[in-house]
Amino acid sequence: MKRVRIGIIGCGTIAEAQAMAAKQLEKTELVAVSEVIEENAKSFEKKMGINHVFTDYKKMLESDLIDAINNCTPKFMDKQVVVDAAKSKKHR
């Protein structure tokens, strides 16, 4: 069974809840996080056992590390992140 490799964009409170939920699913693997504040991303990475950190979500979308994203950004950023994820075919 192939696992869907997930990247989380944003690492606030909602991202932590989403990450914990994703870790409970058999068919998903949490592999990356993107956050503009690098120290927050690294803290999230360590806490959640994630192996890859990005400070630019577009770089994460360009990588072959993920199959899909979980958008946990603030509402004012939502639209562009969703559009970019769809363009990269990582919008599941």
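Residues numbered from 1 in each chain as written. Predicted model: local features only at pLDDT ≥ 70, side-chain atom pairs only at ≥ 80, totals over all residues. Heavy atoms only, no water.

Engineer: So what about the pairing of strand S1 (residues 4–9)? Which residues, and what values?
Structural biologist: Note on strand geometry: in a regular strand, side chains alternate between the two faces of the sheet. By the bridge criterion, six bridges tie S1 to strand S2 (residues 28–34) in an arrangement that is parallel. The partner of Gly7 across the bridge, within S2, is Ala32. Of the crossover connections in this fold, the one passing from S1 over helix H1 (residues 13–24) to the parallel S2 is right-handed. Of the pairings in the sheet, the one linking S1 to strand S4 (residues 68–71) comprises four bridges and is parallel in character. By the bridge assignment, Ile6 is partnered in S4 with Ala68. (Pairing = 2+ DSSP bridges. Helix = DSSP H or I, 4+ residues; strand = E, 2+ residues; numbered from the N terminus. Right-handed = clockwise from strand over helix to strand, strands pointing away.)

Engineer: Go over the pattern of salt bridges with me, naming the residues and quoting the values.
Structural biologist: Counted under the stated rule, the structure contains four salt bridges. Between Asp67 and Arg5 there is a salt bridge, and its shortest N-O distance comes to 2.8 Å. In this pair, Asp67 sits in the loop between helix H3 (57–62) and S4 while Arg5 sits in strand S1, placing the two residues 62 residues apart along the sequence. The exposure class assigned to Arg5 is partly exposed, which follows from its relative accessible area of 26%. Taking the shortest distance from any N to any O, the salt bridge between Lys42 and Glu38 comes out at 3.4 Å. Here Glu38 and Lys42 lie together in helix H2 (residues 38–48), a separation of four residues that amounts to about one turn. (Salt bridge = Lys/Arg side-chain N within 4 Å of Asp/Glu carboxyl O. Buried < 20%, exposed > 50% of the residue type's maximum accessible area, 1.4 Å probe, protein only.)

Engineer: So what's going on with helix H4 (residues 75–87)? Residues and values would help.
Structural biologist: Residues of H4 that are buried: Asp78, Val81, Asp84 and Ala85. Buried residues belonging to H4 abut S1, H3 and S4. (Contact = heavy atoms within 4.5 Å.)

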